[in-house]
Amino acid sequence: MDAGVRRASWIDAWRDLGVAAPDEVLLAKLLAHYSEPHRAYHTLQHLDECLAGLARERSHAERPAEIALALWFHDAIYDVHRRDNEARSADWAQAALLAAGVAGDAARRVHALVMATRHHAQPEDADAQLLVDIDLSILGAPAARFAEYERQIRAEYAHVPPEVFELRRREILGRFLARDPLYLSASIRAKLEAQARINLQQAIG
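This one's a predicted model, so the numbers in the text were calculated from it and none came from an experiment. For every chain, the first residue of the written sequence is number 1, and numbering continues from 1 onward in sequence order. For this predicted model, a pLDDT threshold of at least 70 governs which residues receive local features, and a threshold of 80 or more governs which side-chain atom pairs are given and counted, while totals over whole chains, interfaces and linings are taken from all residues. By convention in this description, side-chain values take in all heavy atoms of the structure and omit both hydrogens and water.

Peer 1: Could you give me a rundown of the overall build of the protein, with the residues and numbers involved?
Peer 2: Helix numbering and strand numbering both begin at the N terminus, where a helix is a DSSP run of H or I of at least 4 residues and a strand a DSSP run of E of at least 2. Counting its secondary structure elements, the protein contains 10 helices and 0 strands. Each helix and strand of the protein, ordered N terminal to C terminal, gives the series α-α-α-α-α-α-α-α-α-α. Computation of the radius of gyration draws on C-alpha atoms alone. For the globule rule, the value is 2.2 Å times the number of residues to the power 0.38. Over its C-alpha atoms the protein spans a radius of gyration of 17 Å, differing by no more than 12% from the 17 Å that the globule rule assigns to 205 residues. Referenced to the eigenvectors of the C-alpha coordinate spread, the extents of the protein come out at roughly 50 × 35 × 30 Å. Split into buried and exposed, the 205 residues of the protein put 47% on the buried side. A fraction of 65% describes how many contacts in the protein between residues 6 or more apart in sequence connect residues 24 or more apart. Accessible surface is estimated by sampling points in the Shrake-Rupley manner with a 1.4 Å probe; for residues, cover comes only from the protein chains shown. Approximately 10,000 Å² of the protein is accessible, and the part contributed by carbon and sulfur atoms is 54%. Mean positive and mean negative side-chain charge positions of the protein (25 and 30 charges, respectively) differ by 2 Å. Three labels apply to residues, based on accessible area from a 1.4 Å probe with only protein chains included: buried if under 20% of the type maximum, exposed if over 50%, partly exposed otherwise in between. Residue contacts are defined here by distance: any two heavy atoms, one from each residue, within 4.5 Å place the two residues in contact. In this tally Asp and Glu are treated as negative and Lys and Arg as positive; neither His nor the chain ends contributes. Where a charge sits is defined by one atom per residue type, namely NZ (Lys), CZ (Arg), CG (Asp) or CD (Glu).

Listed below in structure tokens is the structure:
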């Protein structure tokens, strides 16, 4: 996704919520966060893949603009040494929406959507299910992209000894593989579930 398309998706999301997009400072800050040097996977590439995924699934969303802004903010804060990245990102999103004049209930829903990307449990809300499935679409990517993703995650955790990383990584991927179904959105499940299971089984094995 080129910069122009990315920016258009940003402006459109705010417009669809009935407000003007905030000044360029907020967008610049977000882009700077996604471009931080310690990131290898949680970068603009991942953001673009998520936004493209939403564009494909937009007809299945109840409130697509809220999902879009949740995607914009969901990895805004990313520090592998902390456990509150999603909470801090969600707080930033909610504050930004309220400052722009978005209704409080919409800002709270976006906060909840960002928090759903902790992946601690599968959400029951349809839009949250769609957003989480979009965030996890990488698991069902073609084999070459999935292999790149695994290398990118390893790079972000380069400080972790290999034997520790590999054990924890297998545990995390194993939890996703144990979900039945892995994807809760029917359209994404039909497209990605089979490949995701192949990718996960190979990565764990």
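There's more to say after this.
Peer 1: Give a detailed account of the pattern of salt bridges, specifying residues and quantitative values.
Peer 2: We define a salt bridge as a contact between a side-chain nitrogen of Lys or Arg and a carboxyl oxygen of Asp or Glu at a distance within 4 Å. All chains considered together, the criterion is met by 14 salt bridges. The salt bridge partner of Arg-15 is Asp-12, with a shortest N-O separation of 3.1 Å. With Arg-15 and Asp-12 both in helix H1 (residues 3–16) and 3 residues apart, the pair spans about one turn of that helix. Residue Asp-12 is classed as partly exposed on the basis of its relative accessible area of 31%. Residue Asp-105 is joined to Arg-109 by a salt bridge in which the shortest nitrogen-to-oxygen separation is 3.7 Å. Of this pair, Asp-105 and Arg-109 both sit in helix H6 (residues 104–116), 4 residues apart, which is roughly one turn of that helix. Asp-105 gets classed as partly exposed once you look at its relative accessible area, which sits at 38%.

Peer 1: Can you explain the packing of aromatic side chains? Please cite residues and give values.
Peer 2: Here a Phe, Tyr or Trp ring, Trp counted by its six-membered ring, pairs with any other such ring whose centre lies within 6.5 Å, and the pair is stacked when the planes are under 30 degrees apart, edge-to-face when over 60, and tilted otherwise. On inspection of all chains with the given rule, the structure shows 7 aromatic pairs. Ring geometry for Phe-146 against Tyr-149: centres 5.6 Å apart, planes inclined by 55°, an arrangement best described as tilted. Separated by 3 residues within a single helix, Phe-146 and Tyr-149 lie in helix H8 (residues 143–156), roughly one turn from each other. Residue classification places Phe-146 among the buried positions, given a relative accessible area of 6%. For Tyr-149, a relative accessible area of 8% translates into the label buried. Ring pairing ties together the aromatic residues Trp-10, Trp-14, Trp-72, Phe-73 and Trp-92, which thus form one cluster. For a Lys NZ or an Arg CZ to count as sitting over a ring, it must be within 6 Å of the ring centre and within 35 degrees of the ring normal. Of note, Arg-39 hangs over the ring of Tyr-34, and the distance from its end group to the ring centre comes to 5.2 Å. Between Arg-154 and the ring centre of Phe-165, over which it is positioned, the NZ or CZ distance is 4.3 Å.

Peer 1: Give me the lowdown on the nonpolar core, citing residues and values where you can.
Peer 2: Ranked by size, the top nonpolar core spans 57 residues in total, and within it Trp-10, Phe-73 and Leu-139 carry the most contacts. If we skip the residues at most four places from it in the chain, Trp-10 touches Ala-21, Pro-22, Leu-26, Leu-27, Leu-30, Leu-69, Trp-72 and Phe-73. Among buried residues, those of type Ala, Val, Leu, Ile, Met, Phe, Trp, Tyr and Cys that are joined through side-chain atoms within 4.5 Å constitute a nonpolar core.

Peer 1: I'd love a proper account of the packing of H8 against helix H9 (residues 162–178), names of residues and values included.
Peer 2: Throughout, an axis means a line fitted to C-alpha atoms (over the contacting stretch in the case of helices), and angles, computed between N-to-C directions, take values from 0 to 180 degrees. Two elements in contact, H8 and H9, have axes whose closest approach is 12 Å; the angle formed by their N-to-C orientations is 130°. Classified by the angle between their axes, H8 and H9 sit oblique to one another. Viewed along their axes, H8 and H9 form a crossing whose handedness is right-handed. On the side of H8, the interface is formed by Tyr-149, Glu-150, Ile-153 and Arg-154, while H9 contributes Pro-162, Phe-165, Arg-169 and Leu-173. Classification convention: Asp, Glu, Lys, Arg as charged; Ala, Val, Leu, Ile, Met, Phe, Trp, Tyr, Cys, Pro as nonpolar; all other residues, Gly among them, as polar. The class makeup of the residues in the contact of H8 with H9 is 5 nonpolar, no polar and 3 charged. These descriptions rest on fixed angle ranges, namely under 35 degrees for roughly parallel, over 145 for roughly antiparallel, 65 to 115 for roughly perpendicular, and the rest for oblique. Note on convention: the crossing is left-handed when the near helix lies turned anticlockwise from the far helix by less than a right angle, right-handed when the turn is clockwise.

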